Amino acid sequence: MSDNIRGALLMVGGMCAFTVNDAFMKSLSGDIPLFQAVLLRGIFAIICLTIMCRVMDQLHFNLPRRDWGLIMLRTLGEVGGTYFFLTALFHMPIANVSAILQALPLAVSLAATLFLGEALGWRRFAAIAIGFVGVVLIIQPGGTDFSSYSIYALIAVACITLRDLAVRRMSVQVPVVFVALIAAIGVTALGAIGSLFITWQPMSATSAMQIGSATICLIFGYIFSVSAMRSGEISFVAPFRYTSLLVALILGMAVFDEWPNVLTVLGASIVVATGLFTLWRERRLRIRHNLSPDRIR
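My aim in this report is to walk through the structure given alongside it, one point at a time. From a predicted model like this one, the values you see are computed outputs, not experimental measurements.

Considerations on helix α8 (residues 176-195)
Move 1: With 20 residues, α8 should reach 28 Å at 1.5 Å per residue; the first-to-last C-alpha distance of 29 Å fits that figure.
Move 2: Of all the 20 residues making up α8, 15 are buried; the element is thus mostly covered by neighbouring parts of the structure.

Describing the nonpolar core
Move 1: Counting 46 residues, the largest nonpolar core has M25, L86 and I100 as the members making the most contacts within it.
Move 2: No other element matches the six residues that helix α3 (residues 65-91) contributes to this core.
Move 3: In this structure L86 touches M25, L34, V38 and R41, once residues within four positions along its chain are discounted.
Move 4: Counting residues in hydrophobic clusters, the runner-up holds 18 residues, among them M52, I71, V176 and I219.

As for the pattern of salt bridges
Move 1: Going through the model one piece at a time under the given rule, you end up with five salt bridges.
Move 2: Between K26 and E258 there is a salt bridge, and its shortest N-O distance comes to 3.8 Å. Here K26, found in helix α1 (residues 3-27), pairs with E258, found in the loop between α11 (243-254) and α12 (262-290); they are 232 residues apart in sequence, far enough to count as distant.
Move 3: The partner of E78 in a salt bridge is R74, and the shortest N-O contact between them spans 3.1 Å. Here the residue E78 and the residue R74 both occupy positions in helix α3, the gap between them amounting to four residues, near one helical turn.
Move 4: In this structure, a network of salt bridges that share partners links the residues R74, E78, R163 and D164.

Overview of the packing of aromatic side chains
Move 1: Tallied over the entire structure, the rule returns seven aromatic pairs.
Move 2: Note on Y149 and Y152: the rings are 5.3 Å apart at their centroids and 50° apart in plane angle, and the pair reads as tilted. Remark: Y152 and Y149 occur in helix α7 (residues 149-169); sequence separation between them is three residues, near one turn of the helix.
Move 3: Overall, the relative accessible area of 27% leaves Y152 in the partly exposed class.
Move 4: When the ring of F220 is compared with that of F224, the centres are 5.7 Å apart and the planes differ by 50°; the resulting orientation is tilted. Of the two residues, F220 and F224 are both situated in helix α9 (residues 205-229); the distance of four residues between them amounts to about one turn of the helix.
Move 5: Residue classification places F224 among the partly exposed residues on the basis of a relative accessible area of 28%.
Move 6: These aromatic residues form a ring-pair network of at least three members: F35, Y83, F84, Y149 and Y152.
Move 7: Taking the ring centre of F256 as reference, the NZ or CZ of K26 above it sits at 5.6 Å.

Things to note about helix α6 (residues 122-139)
Move 1: Here α6 contains 18 residues, and its C-alpha end-to-end distance of 26 Å stays within 8% of the 26 Å for a straight helix at 1.5 Å per residue.
Move 2: Restricting attention to buried positions, one finds in α6 the residues R124, A127, I128, G131, G134, V135, I138 and I139. Down the axis of α6, the buried side of the element spans an arc of 135°, and every buried residue falls inside it.
Move 3: A positive phi of about 55° marks Q140, the residue just after α6.

Some remarks on the side chain of R41
Move 1: Along the polypeptide, R41 turns up in helix α2 (residues 34-55).
Move 2: Buried charge without a salt bridge: R41, with D22 as the nearest opposite-charge side chain at an N-O distance of 5.7 Å.
Move 3: Side-chain polar atoms of R41 contact the side chain of N21, separated by 3.2 Å.
Move 4: Excluding anything up to four places from it in sequence, R41 contacts N21, M25, T82, L86, I211, A214, T215 and L218.

Digging into a nonpolar patch on the surface
Move 1: Together, I43, F44, I47, I51, V55 and M56 make up a nonpolar patch on the protein surface, roughly 580 Å² of accessible area in all.
Move 2: Along the chain, I47 turns up in helix α2.
Move 3: Judged by its relative accessible area of 46%, I47 falls in the partly exposed class.

So, the environment of L245
Move 1: As for its position among the elements, L245 is in helix α11.
Move 2: Note on L245: relative accessible area 9%, which makes it buried.
Move 3: Spatially, the C-alpha atoms of L245 and M15 are 8.8 Å apart, while their sequence positions differ by 230 residues.

Description of the environment of V157
Move 1: Considering the arrangement of structural elements, one finds V157 in helix α7.
Move 2: In this structure V157 comes out as buried when scored by relative accessible area, which is 5%.
Move 3: Considered as a pair, V157 and Q102 are 55 residues apart in the sequence and their alpha carbons are 8.7 Å apart.
Move 4: Excluding residues within four positions of it along the chain, V157 makes contact with I100, L101, L104 and A107.

Rules used in this analysis
- Residues numbered from 1 in each chain as written.
- Predicted model: local features only at pLDDT ≥ 70, side-chain atom pairs only at ≥ 80, totals over all residues.
- Heavy atoms only, no water.
- Helix = DSSP H or I, 4+ residues; strand = E, 2+ residues; numbered from the N terminus.
- Expected span 1.5 Å × (residues − 1).
- Buried < 20%, exposed > 50% of the residue type's maximum accessible area, 1.4 Å probe, protein only.
- Core = buried A, V, L, I, M, F, W, Y, C linked by side-chain atoms within 4.5 Å.
- Contact = heavy atoms within 4.5 Å.
- Salt bridge = Lys/Arg side-chain N within 4 Å of Asp/Glu carboxyl O.
- Phe/Tyr/Trp six-rings, centres within 6.5 Å; stacked < 30°, edge-to-face > 60°.
- Lys NZ or Arg CZ within 6 Å of the ring centre and 35° of its normal.
- Arc of directions from axis to C-beta.
- Lys, Arg positive; Asp, Glu negative; His and termini not counted.
- Polar contact = N/O pair within 3.5 Å; in protein donor to acceptor, adjacent residues only side chain to side chain.
- Patch = residues over 30% accessible without salt bridge, like charges linked within 9 Å, V, L, I, M, F, W, Y side chains within 5 Å.
- Areas by Shrake-Rupley, 256 points an atom, 1.4 Å probe, with all protein chains shown as cover.

Structure below.
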């Protein structure tokens, strides 16, 4: 099996795991409050990630100050993304929230140009602009299906974009699982603070199993997605991230009896198509750069 195929399969597995985690968390929305669910899931995640760090010898605290700053910035993005995404997920169909989240590759590309100085040609800029038109179709502001929680999902995209930009600036010596552990601690702290202001609900055996299953899916999703990005070419592997939308559509229909309207499906198709074009264009430019006379010489 080639590295690209292995990376693609890992990315599909990661996106499936993340989306199933979302489904488990959404299923808890009628039983226990958001912050209670985040806190309990976070405790399980911290335990598992700490064990992984010990086994893999990744508990490295003697990192440069610059990397610690980026880790904290990434954790801030993780905390914000978790809160706004789960809040939207608790109040919206899972497929709609997932469709909005597909704008992430476009948002990261635009932010990398604005804040990291990466080049962005007119074709990719046009693709990003068209992609955000698709986002507007998904949200449908002013329409009968519009929900203010759609704005929460958009804010989640902005937070996750901040998280990904921070990762791009980290040195390669920063252990991946250790970064995940710090993020889990930050998200769990959010759940702990928020849970002080809510009325805790008794948890049934079913709810406990759902939280445990969500934790396992979340950890596997993280491991698979990170391994995917290290197994093959990013331009080949990244498009398989859109698997999450397909899984969300299936789970929404089969588990929650939800199906997005025509405009949402059209908007999601536009977002996915422009995202794929952006990734294809990036790969073409990379190939052209590698074959330039300066590179050959």
